[in-house]
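If you want the building blocks of each chain, they are given just below.
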Amino acid sequence: MTLTKNSFNAKVRATIADIGNSYRIMSPTTTIRISSSSTSQLQRHRQHHQHQPRARTTTNTTTTTILLFILILMCHSSNFHAIETAAADVLTDPKFTSPIANVTASVGRDAFLTCVVQDLGSYKVAWLRVDTQTILTIQNHVITKNQRIGIQNTEEHKTWIMRIKDIKESDKGWYMCQINTDPMKSQVGYLDVVVPPDILDYPTSTDMVVREGSNVTLKCAATGSPEPQIIWRRENGVPIELPNGTAVSQVEGTNLIIPSVKRQHMGAYLCIASNGVPPSVSKRITLIVHFPPMITVQNQLIGAVEGKGVTLECHSEAFPKAINYWTREKGDIVPPGSKFISNMTEIGDYRTSVKLHINPLTASEFGAYRCVAKNSLGDTDGTIKLYKIPSNTVNYVDSYDRHKGKKRIKSSELYHQSKVTSSESEENENPGKRKDLLSISEFDDLYPSSAVSHHSSNNNPHRTSHLLISITVSMCLTLMQQHIFFFVRQQQH
């Protein structure tokens, strides 16, 4: 059994007491009482010792020898451990060989704090949390009730490693490694806990529905450690237009402000939060802009030959989505069927291409057509005038010299008899870059359809003259439209 200094002293005192029960050691001037059974024997014993001083000296020597013998046996049985321990406490001076390294860990991971001690001897090492003065571990024992704390030592009690499992943000702070010397020795290390970003449901904006022209503010709030940085982008990659008119690919900040919102701002926006701790997170916010319908007619005047087919087209912009249909000039809805085929093609979030195919054309199909769009915020329409081209009109006219060569263009192409398939023609016929020179009423006065419809069935000189005038007017209109066509083309280039 190993003895400490205190237990050793206690054992010595107990042994001496046991000896004193049989042999009481008095002061140097007292005698040793062997037996106290009778007073007469005690007196004779004292007289014997008074008259024989050498016998008293012999008795004292014997008692001392017995005591020393007992002490030697006690020291031998304890292997002198108490003496060695006391000497070690005097000679040992524990010290830290290196400072505690600061540790950074993500939430949910494990963190390790290391304390290296040299010449620890019989002293003990403890870990504490500085801010709360909580004792976490002493030597190999975990004191705290926190089951996420663990302790281990290596290299003959030199390295003491405290492990914190499943790190939480509340574990951030200073930790102390302490040696119970007098005075106490200690050093501290810092545990930094980083948290990936997280976007809050509130006050972050949700999908928004606004009227065109109103002011819009999109908000995004996020938490994390370090504090996250927030940027805004459009999901489709279209630049974001700032209030000063400039367009940028992304905007930094918790708020995205769009004054006087337009239909072009409609779409999905991404709020992206990042702080260098993976993963970054984002939230999708859809901005919906409501506005009444608007109709755009690319060609308001279209000529066609009776018996052939023709396609009328308009573009509708509206949100919520509009109901689109065609009517005649008196308001009668064009009935769908084999002769009239209407189809619609969506272009983006709020644009729709509306087409009406008429085949074959008869005399009753010529006239005005209205492209109508209607939603909950209003309705509008655009008008297209469909007129007849005589079948015996001059087929070809000369065009201007282009690329060092002359190009022949059919006059019927200039009147858009059928669907325009060339992107170049669509670009040249942009209605926003030209104006019609003749109104529909003026054209009706100059070129009434009745003047041509019966020219072949009557040889009346007046009708023949009227026919020639009509053909002349048609040719003049063709040439005028051709010059307008080329003039617009030159302006565009």
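Since we're looking at a predicted model, the values are computed, not measured.

Notes on the overall build of the protein chain
Move 1: Of regular secondary structure, the protein chain possesses nine helices and 29 strands.
Move 2: Looking at the protein chain as a whole, 33% of its 493 residues are labelled buried.
Move 3: Within the protein chain, counting contacts between residues at least 6 apart in sequence, those at least 24 apart form 63% of the total.
Move 4: Summing over all exposed atoms, the protein chain offers an accessible surface of approximately 30,000 Å²; the carbon and sulfur share of this is 53%.

Concerning the sheet that holds strand E8 (residues 159–164)
Strand pairing in a sheet is mediated by backbone hydrogen bonds. Such pairs are either parallel or antiparallel.
Move 1: Strand order in the open sheet made by the four strands is E1-E3-E8-E7, with antiparallel pairing throughout. Unpaired on one side and paired on the other, strand E1 (95–98) and strand E7 (149–154) mark the two borders of the sheet. Each adjacent strand pair in this sheet contributes to an overall mean axis angle of 30 degrees, direction not counted.
Move 2: Of the strand pairs in this sheet, strand E3 (residues 111–118) and E8 are connected by six bridges, and their pairing is antiparallel.

Quick notes on the environment of tyrosine 190
Move 1: Mapped onto the elements of the fold, tyrosine 190 is located in strand E10 (residues 185–199).
Move 2: Along the primary structure tyrosine 190 and methionine 176 are separated by 14 residues, whereas in three dimensions their C-alpha atoms are 9.0 Å apart.

Re the state of the cysteines
Move 1: A full pass over the atoms with the stated rule returns three disulfides.
Move 2: The side chain of cysteine 115 participates in a disulfide bridge whose partner is cysteine 177; the two sulfur atoms lie 2.1 Å from each other. In this structure the cystine formed by cysteine 115 and cysteine 177 twists about its S-S bond by roughly -80 degrees; its chirality is therefore left-handed. Highlighted residues: cysteine 115 in strand E3 and cysteine 177 in strand E9 (residues 173–179), separated in sequence by 62 residues. Neither residue differs from the other here; cysteine 115 and cysteine 177 are each classed as buried.
Move 3: Disulfide partner of cysteine 314: cysteine 371, at an S-S distance of 1.8 Å. In this pair, cysteine 314 sits in strand E22 (residues 310–319) while cysteine 371 sits in strand E26 (residues 367–375), placing the two residues 57 residues apart along the sequence.
Move 4: A relative accessible area of 1% places cysteine 314 in the buried class.
Move 5: For cysteine 371, a relative accessible area of 0% translates into the label buried.
Move 6: Bonded cysteines in the protein chain are paired 1-2, 3-4, 5-6 when counted in the order they occur along the chain.

Comments concerning the sheet that holds strand E23 (residues 323–328)
Move 1: The strand order across the open sheet built from four strands is E21-E27-E26-E23, with neighbouring strands paired in mixed fashion. Every interior strand has two partners, whereas the edge strands, strand E21 (301–304) and E23, have only one. Across the sheet, the mean angle from the axis of one strand to that of its neighbour is 25 degrees, orientation sign disregarded.
Move 2: With nine bridges connecting them, E26 and strand E27 (residues 378–388) associate as antiparallel partners.

Concerning the environment of histidine 157
Move 1: One can find histidine 157 in the loop between E7 and E8.
Move 2: Considered as a pair, histidine 157 and valine 125 are 32 residues apart in the sequence and their alpha carbons are 9.2 Å apart.
Move 3: Sequence-distant contacts of histidine 157, defined by excluding residues within four places in its chain, comprise Val117, Leu120 and Asn140.

What about the side chain of threonine 137?
Move 1: Along the polypeptide, threonine 137 turns up in strand E5 (residues 134–138).
Move 2: Residues within four places of threonine 137 in sequence aside, it is in contact with Val125, Ala126, Trp127, Val142, Ile143, Ile149 and Ile151.

A few points about the pairing of strand E14 (residues 229–234)
Move 1: One ladder, built from six bridges, connects E14 with strand E19 (residues 267–274); its direction is antiparallel. Within E19, the position partnered with arginine 234 by the bridge is tyrosine 269.
Move 2: Relative to strand E17 (residues 251–252), E14 runs antiparallel, the two sharing two bridges. Considered in E17, the bridge of isoleucine 231 is made with glutamate 252.

Some words on the pairing of E10
Move 1: As paired strands, strand E2 (residues 103–106) and E10 are joined by four bridges and run parallel to one another. Across the sheet, the residue bridging to threonine 104 is aspartate 192, located in E10.
Move 2: Where E9 hands over to E10, the hairpin turn is made up of five residues, counted between the paired strands.
Move 3: Bridging between E10 and strand E13 (residues 222–225) involves three bridges; their strand directions are antiparallel. Of the residues in E13, the one forming a bridge with valine 195 is serine 225.

Points about unusual backbone geometry
Move 1: A cis amide bond links tyrosine 202 to the next residue, proline 203, at an omega of 10 degrees.
Move 2: By secondary structure assignment, the location of proline 203 is in the loop between E10 and strand E11 (208–211).
Move 3: Note the cis peptide between serine 225 and proline 226, where omega equals 0 degrees.
Move 4: Mapped onto the elements of the fold, proline 226 is located in the loop between E13 and E14.
Move 5: If you check the backbone angles, aspartate 166 has positive phi at about 50 degrees while not being a glycine.
Move 6: Tracing the sequence through the fold places aspartate 166 in the loop between E8 and E9.

Side note on the pattern of salt bridges
Move 1: One pass over the full model with this rule turns up 13 salt bridges.
Move 2: For arginine 163, the salt bridge identified is with aspartate 110, shortest N-O distance 2.6 Å. Here aspartate 110 lies in the loop between E2 and E3 and arginine 163 lies in strand E8, a separation of 53 residues in the sequence.
Move 3: In this structure, the salt-bridge partner of glutamate 306 is lysine 388, at a minimum N-O distance of 3.3 Å.

Reading guide: rules and limits
- Numbering of residues begins from 1 in every chain and follows the order in which that chain's sequence is written.
- In keeping with the model being predicted, local features are shown solely for residues with a pLDDT of at least 70 and side-chain atom pairs are shown and tallied solely at 80 or more, while totals for entire chains, interfaces and linings include all residues.
- Each side-chain value is worked out from all heavy atoms of the structure, with water and hydrogens disregarded.
- Where helices and strands are cited, they refer to DSSP runs of H or I of at least four residues and of E of at least two residues respectively, numbered from the N terminus.
- Buried means the residue's accessible area, taken with a 1.4 Å probe over protein chains only, is under 20% of the maximum for its type, while exposed means over 50%, and partly exposed covers the values in between.
- The contact definition used throughout considers only heavy atoms, calling two residues in contact when any of these lie within 4.5 Å.
- With residues, only the protein chains shown are counted as cover, and all accessible areas are computed by Shrake-Rupley using a 1.4 Å probe.
- Pairing between two strands is assigned when DSSP locates at least 2 bridges connecting them.
- Angles here are taken between N-to-C directions and fall from 0 to 180 degrees, while the axes themselves are lines fitted to C-alpha atoms, restricted in helices to the stretch in contact.
- The disulfide criterion is simple: two cysteine sulfur atoms within 2.5 Å.
- When a carboxyl oxygen of Asp or Glu is within 4 Å of a side-chain nitrogen of Lys or Arg, the pair counts as a salt bridge.

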